[in-house]
Structure formats: C-alpha cells, structure tokens
Amino acid sequence: MQFTKFPLQFSSVDKPLVYGVKVDKPSMLDFMIIDRHSQKILGVRRFMSVTETDCDIAPYLEGVIGFSPRMGVTDLGTGEDRMVLVGVEVTVVEGGPGDGGKVLRAPDRWYMHADREFEPGRLISTMPRVRMIDREAGEELTLWMEQGQKVLMAFEYRNRRMTKNFTAPRQGVWVLKVAPWNYPGVELVSIDTGRGEKMECTVADAPEGSVTLAWRSSMGSVEHYTFPQQVGACFEVEGKEEPRVRSRMKRTLRSAYERREVLEALAEVAASPEVWVCEQRNLYRRVEVVSHGVTWPEGGGLKCLEIDVVLDQNNRKSWN
C-alpha cells in the first residue's frame, strides 16, 4: 500500500489538493486531515471497499488560514501565520470497521492562499512595482523566498542614502514590513529581491480626510492603498422600534486617477474576505465593504474608482 500522489509544497488551498492511495485488495480507507501546529483534526473522509482512490482535502482547509496586516518596525518576518502545516494520515482496514488497520502518513505540507503558482524567490503582490505609500500607514510586501536569499532595502533622503539587508533563514513565505516612521525624512524606499525583481515606494504625507485600506488579495498577500478622498457619506439606521438601534456610517472612498492595472488590483477590495482600515501606525480595524462591485470608464488614460465601506457602526439602546 502506498501514496500514489500528493500536492507540492506551498500549494494553494484555493485549488484541489489531491492525495491518492493504492492498496493490494479492497479495503476501507479513512483519510484524516490534521493541522500539525494545533494537532486539531480538520476532517475525516471514509472510502469503503476500494483498492485505489483520490481524496481532495482542500474543502477541509476552508477558513483555517487567517490573515492580519503585519505590525511592528521595518523588518523581515515569517509568513507562517498565513499558511497551514497539514498532515494526512490514512488508516487502511482490510476486514471491517472493527478490525484495526495499518496507517499511511504522507509528508507534511505547507499550504497557502493564492490563485496561481509562484517561483521561489519572487514577490507576491497584485499591486504595481512602483507605488506611493502613506508615511504613517506604511506598507508590507509578501515574498516567497529561498533559503539564504537576501533582500536589499535602500532608503533615499534628500542628501543621503542608507541600506539594510535581510536574509531568509529557510525557504517559505516571508513578510517585509515597511515602516517609514522608523526613518524620519525618508522620501523613497526601494526593495531588491535579489532575483531580478525590484520595487519602489515613494513616501508621502497623506492628504487630510484620506483613508488607507488594507485587504487580503487573490495572491495571498495583504495590500495597502490610500484613498485620497471621501466623496460621500450615508448614515443608516435599523430597528428604531426595537429595544436596540443599529446604526452605521457608510462612506464612499474615491481613488486617485490611476492606470488600469492599479484599478484592477483595487477592485479586489470589493471581493476580499478580509479588509481593514489603518487608523494610525500599527493600528488596524476590520471594516465591511458594502460595494457589490466597482466600475470605471472604458478607454485609455487615467481613471478612478469608488468603493463604499462601513467605517463606523453602533448598536445602542433605543431613545424611546
């Protein structure tokens, strides 16, 4: 008896994760899916009287991986909190449910959220490689790094330049936090992955009334963008005749005029399962996006888009 297939390391939980098993004669096979960090059993699936079968474990990993924006100072940190280490054990029973059985154990695998495959050493981001970031909100970059890979950061000031290196001690997903407030007066932060990819972040003070959102992207990264304008607000109230009144302030955020590639990345905010507002340095709060979709005019040139979000909501006793 043996495994005939299992997924590659760092495969996506958003795609099928198929384990195949083959045995010598018809048997009952129990697949047990285990979170190796917590040792929690995520699911069990049974196949009766089979000699060969496939089991897709992806549905059992739904909701297991949680995201939150990276906080702290400028540093390179592990992205293991954005992955799950999964073990699969298969109990093979040749007689019946009460006969005991032999156990097959597949190699443990790290799985992550991503809608595509990545080459080791690459930057994982839906946003463009040249961008502007808010001095008080900062940025973070998600990278799939090889063991020993170095990332070079350069901080450009008006009259000087300083650099900083980070090294990945092992292969995997890593998160580079960019905190401009650690470098007062910095005007440009550039990042070189050492694998042919570079990024430039112009550091600027966000205009008054702007809002910085962070969201989980389809590539498994957390992206940031500062919407420079709030162009509308709507105060909604429910349950005025009930013991408690529910109210919320819905605000319309308008982007700057951007290229199409930026607008397509921003459109993911409406579909993202997790969105936060950055209220100040290292302080994030979950918000609800109420836009069912976003649109922008066709044609060339720069365009903008608008997104409706609920930044403030309340649940209080009725005045009556």
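Our subject is the structure that appears above.
In this text, all values refer to a predicted model and were calculated from it rather than measured experimentally.

Participant: Would you explain the overall build of the chain in this entry?
Facilitator: Assigned secondary structure in the chain consists of one helix and 24 strands. Taken along the three principal axes of its C-alpha coordinates, the chain extends 70 × 65 × 40 Å. Residues classed as buried in the chain amount to 48% of the 320 residues present. Here the analysis covers contacts within the chain between residues at least 6 apart in sequence; of these, 64% occur between residues at least 24 apart. For the chain, the accessible surface area stands at approximately 16200 Å², while carbon and sulfur atoms represent 48% of it. Charged side chains in the chain number 43 positive and 46 negative. The centres of these two groups are separated by 2 Å.

Participant: Is there a simple way to explain the environment of proline 169 in this structure?
Facilitator: Along the chain, the position of proline 169 falls in the loop between strand 13 (161-167) and strand 14 (172-178). For the pair proline 169 and tyrosine 284, spaced 115 residues apart in the sequence, the C-alpha separation amounts to 29 Å. Once you skip the residues sitting within four places of it in the chain, proline 169 turns out to touch Gln147 and Trp174.

Participant: Whenever I open this one, the sheet that holds strand 5 (residues 75-78) confuses me. Can you help?
Facilitator: What links the strands of a sheet is backbone hydrogen bonding, and the strands pair in either a parallel or an antiparallel sense. One open sheet holds the four strands; their spatial order is 5-14-11-9, and the pairing between them is antiparallel. Strands at the two margins of the open sheet, each flanked by one partner only, are strand 5 and strand 9 (122-124). Sheet twist, expressed as the average angle between the axes of neighbouring strands with direction ignored, equals 35°. Note: strand 5 against strand 14, four bridges, orientation antiparallel. Across the sheet, leucine 76 pairs through a bridge with leucine 176, a residue of strand 14.

Participant: It is not clear to me how the nonpolar core should be interpreted in this structure. Could you clarify?
Facilitator: General note: in soluble globular proteins, nonpolar side chains tend to be found buried as a group. With 32 residues, the main nonpolar core has Leu29, Phe31, Ile57, Leu61, Val88, Val90 and Tyr111 as its most contacted residues. Of all the secondary structure elements, the ones that give two or more residues to this core are strand 3 (18-35), strand 4 (40-56), strand 6 (83-93) and strand 21 (275-280). The dominant element in this core, judged by the number of residues it contributes, is strand 3, at six residues. Those residues in contact with valine 90 that sit more than four places away from it in its chain are Phe3, Val21, Leu29, Asp30, Phe31, Lys102, Val103 and Leu104.

Participant: Would you mind going over the packing of aromatic side chains with me for this structure?
Facilitator: Remark: the centre distance and the inter-plane angle together describe each pair of aromatic rings, the angle taken between the planes. Taken as a whole and assessed by the stated rule, the structure comprises six aromatic pairs. On the basis of an interplanar angle of 75° and a centroid distance of 5.4 Å, the ring pair of phenylalanine 31 and phenylalanine 47 is categorised as edge-to-face. With phenylalanine 31 in strand 3 and phenylalanine 47 in strand 4, this pair connects stretches of sequence that are 16 residues apart. On the accessibility criterion, phenylalanine 31 (0% relative accessible area) is buried. Consider the rings of phenylalanine 155 and tyrosine 183, whose centres lie 4.0 Å apart with planes at 20°: the pair is stacked. Taken together, the residues phenylalanine 155 in strand 12 (residues 150-156) and tyrosine 183 in the loop between strand 14 and strand 15 (188-192) connect sequence positions 28 residues apart. For the residue pair phenylalanine 155 and tyrosine 183, the accessibility class agrees, reading buried in each case.

Cut-offs used in this document
- Residues numbered from 1 in each chain as written.
- Predicted model: local features only at pLDDT ≥ 70, side-chain atom pairs only at ≥ 80, totals over all residues.
- Heavy atoms only, no water.
- Helix = DSSP H or I, 4+ residues; strand = E, 2+ residues; numbered from the N terminus.
- Buried < 20%, exposed > 50% of the residue type's maximum accessible area, 1.4 Å probe, protein only.
- Contact = heavy atoms within 4.5 Å.
- Areas by Shrake-Rupley, 256 points an atom, 1.4 Å probe, with all protein chains shown as cover.
- Lys, Arg positive; Asp, Glu negative; His and termini not counted.
- Charge placed at Lys NZ, Arg CZ, Asp CG, Glu CD.
- Pairing = 2+ DSSP bridges.
- Axes fitted to C-alpha atoms, helices over the stretch in contact; angles between N-to-C directions.
- Core = buried A, V, L, I, M, F, W, Y, C linked by side-chain atoms within 4.5 Å.
- Phe/Tyr/Trp six-rings, centres within 6.5 Å; stacked < 30°, edge-to-face > 60°.

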